[in-house]
Each structure stands twice: as structure tokens, then as C-alpha cells.
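# A structural walkthrough
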Amino acid sequence: MRREGILIVVSGFSGTGKGTLMKRLVKTYDSYALSVSMTTRKARPGERDGREYFFVSHEEFEKELARGGLIEYARYCDHYYGTPRDYVERQLACGKDIILEIEIQGALKIKEQYPTALLLFVMPPDIKELRRRLSGRGTETEEVIKARLSRAKEEAEGIENYDYLVINDDLDLCVEQMHMLIRGAHCAPKRNQNFIQNIRAQLDALAKGED
Ligand code: ADP
Ligand code: 5GP
């Protein structure tokens, strides 16, 4: 029986290393598909349209939203971000684990719509290191870094909504830990309903003397 794909939501404060972790996870294991979000923010140097994000104008974003093309969306530090519906639904239908790297408001909307989604929150080892990573990335002004750290304080209030915490200290260890947690999550009864129903049907057939 084909295994059911899981929707995996990964959140964490800006600069924790989510993007770096996701790239490594997808490169190491071919069972994962990474959803590419749509955003109104500008591309950072090195980011490519259609790879890190679909970079769109405000009007294009609103058009997509009105068409029902986004599963969820949120405003984050003056920009809109949203998850395109088509790709996610196609990947789930073919049994892939699909990863959404999104902030907390979006994560909660996904949890409502997909109760079997697995929610992971990535933490830095400490806030000094978070600050170092955010500045070290060199892609945001000091003002934007401040806004993102202030947003982190709000996000920290919602961490208990997640299933697991992972600490991104050593990158490789963190990737391994995420992979193990996802493997474990696959064993939960709520994520194996087709298999369970199938076994029950076989038991029924046996009880009726059918073979
Ligand atoms: P996020 O997607 O969470 O905003 P990034 O993936 O862009 O974060 O990472 C922020 C910065 O931290 C990058 O410069 C990245 O190279 C660095 N980084 C990520 N993970 C680690 C780690 N485990 N140790 C040290 N630096 C890291
Ligand atoms: P960044 O600008 O650093 O790439 O992303 C800013 C924040 O937006 C991060 O917390 C990231 O996880 C989140 N984000 C990225 N895509 C989406 C999305 O499609 N939906 C939501 N709700 N958040 C997103």
C-alpha cells in the first residue's frame, strides 16, 4: 500500500537557518518536495525567481489570492507571502512529503485545513547567535533586522502550537533530527488512515469467511 504524504510546516525566527536547512534536507533525501511561495518582497542577491520564491507585484499577489490560488497567506514585515495551492495538492496526491517553510500565522491556518500536518519550529542555540546569523547573512539593512527581531518576539509566543522544536546548532545534526522526526510522524495512526481502513476491511472479510 502506498504511503501517505505528509504536509510538513517549518517555521522559525528570521535568520535561524530555515532556508539553509531546507535546501540541505531536500538535497540529502529525495522523498521531500519543497513548496515555493509567492512573495511581494524583492529578491535578495543570489535568489532566483521560481527557486526561492515567485517574486510578484502587489497586484499579481492580490489577483492570485482572489482566484483562490493560495492555501494560506500572511503579511510579514511589510510584505505578503503565500503558499500556491496547485503544487502542494499535486505533490500530496502522489505521496510526497511536502515542506512549507512559512511563518506562524500561515502555520496555524495550515493546521486548521490539514489536521495531519506536522509542525516543526526551528530554534537558534541562543539569541546572540541569531543576531550574528541575521547580520552575517548581509542581506538586510539594520532597520529590517530590527523589525525581524521584533517579529521574532511575537512569534516566540506561539511556539507551543508546534509539534516539535529542533535546534539548529550543528547544521548536519539538525537536518538528521528533522528527518528522524518526520519518519516518526509517518507512523502515527492519524497519518495512516488508508492502511488502517484496509486492514479493517480484511479483518471483516476474514470474519465473514471470505478469504
Ligand atoms: P532563515 O531562512 O531562517 O532566515 P538562513 O537559512 O538564510 O535563515 O540562514 C541565515 C544565516 O545563518 C545564513 O548566513 C546561513 O548561512 C547561516 N546559518 C544557517 N545555519 C547555520 C548553522 N547551523 N550554523 C551557522 N550558521 C548557519
Ligand atoms: P524571508 O523574507 O526571510 O524569506 O521570509 C520571511 C518570513 O516569511 C519567514 O518566516 C518565512 O518562513 C515566511 N514565509 C515564506 N513563505 C511564506 C508563505 O508562503 N506563507 C507564510 N505565511 N509565510 C511565509
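These notes cover the structure that comes with them.

The rules behind each value
- Residues numbered from 1 in each chain as written.
- Chains lettered and ligands numbered in written order.
- Predicted model: local features only at pLDDT ≥ 70, side-chain atom pairs only at ≥ 80, totals over all residues.
- Heavy atoms only, no water.
- Salt bridge = Lys/Arg side-chain N within 4 Å of Asp/Glu carboxyl O.
- Buried < 20%, exposed > 50% of the residue type's maximum accessible area, 1.4 Å probe, protein only.
- Helix = DSSP H or I, 4+ residues; strand = E, 2+ residues; numbered from the N terminus.
- Near = heavy atom within 4 Å.
- Polar contact = N/O pair within 3.5 Å; in protein donor to acceptor, adjacent residues only side chain to side chain.
- Areas by Shrake-Rupley, 256 points an atom, 1.4 Å probe, with all protein chains shown as cover.
- 1 Å grid on protein atoms, 1.4 Å probe; cavity = no way out; pocket = protein on both sides within 12 Å on 5 of 7 lines; lining within 4 Å.
- Sits in = over half its atoms within 2 Å of the grid points.
- Nonpolar A, V, L, I, M, F, W, Y, C, P; charged D, E, K, R; others polar.

The next point concerns the pattern of salt bridges. Evaluated as defined, the whole model comprises 14 salt bridges. The residue E52 makes a salt bridge to R51 at a minimum N-O spacing of 3.1 Å. The class of E52 is buried, set by a relative accessible area of 17%. Salt-bridge contacts for R85 lead to E89; the nearest nitrogen and oxygen are separated by 3.6 Å. Separated by 4 residues within a single helix, R85 and E89 lie in helix α3 (residues 85–93), roughly one turn from each other. Several salt bridges share partner residues, and in doing so they unite R41, R44, E47, R137 and E140 into one network.

A word on the site of ligand 1. Surrounding ligand 1, one finds 13 residues, the nearest of these being G15, K18, T20, R137 and D169. One of the backbone nitrogen or oxygen atoms of T16 is found 3.3 Å away from an oxygen atom of ligand 1. Here an oxygen atom of ligand 1 sits 2.8 Å away from a polar atom, N or O, in the side chain of R137. Compared with its free state, where it exposes 570 Å², ligand 1 has 73% of that area covered by protein. Cavity membership is defined here by more than half of the atoms lying within 2 Å of grid points; on that basis ligand 1 lies in the largest pocket. Sorting the residues of the shell around ligand 1 by element identifies α1 (18–28) and α5 (127–137) as the ones contributing at least two each. Top element by residues in the shell around ligand 1 is α1. It accounts for 3 residues. Among the residues making up the shell around ligand 1, the classes are represented as 2 nonpolar, 7 polar and 4 charged.

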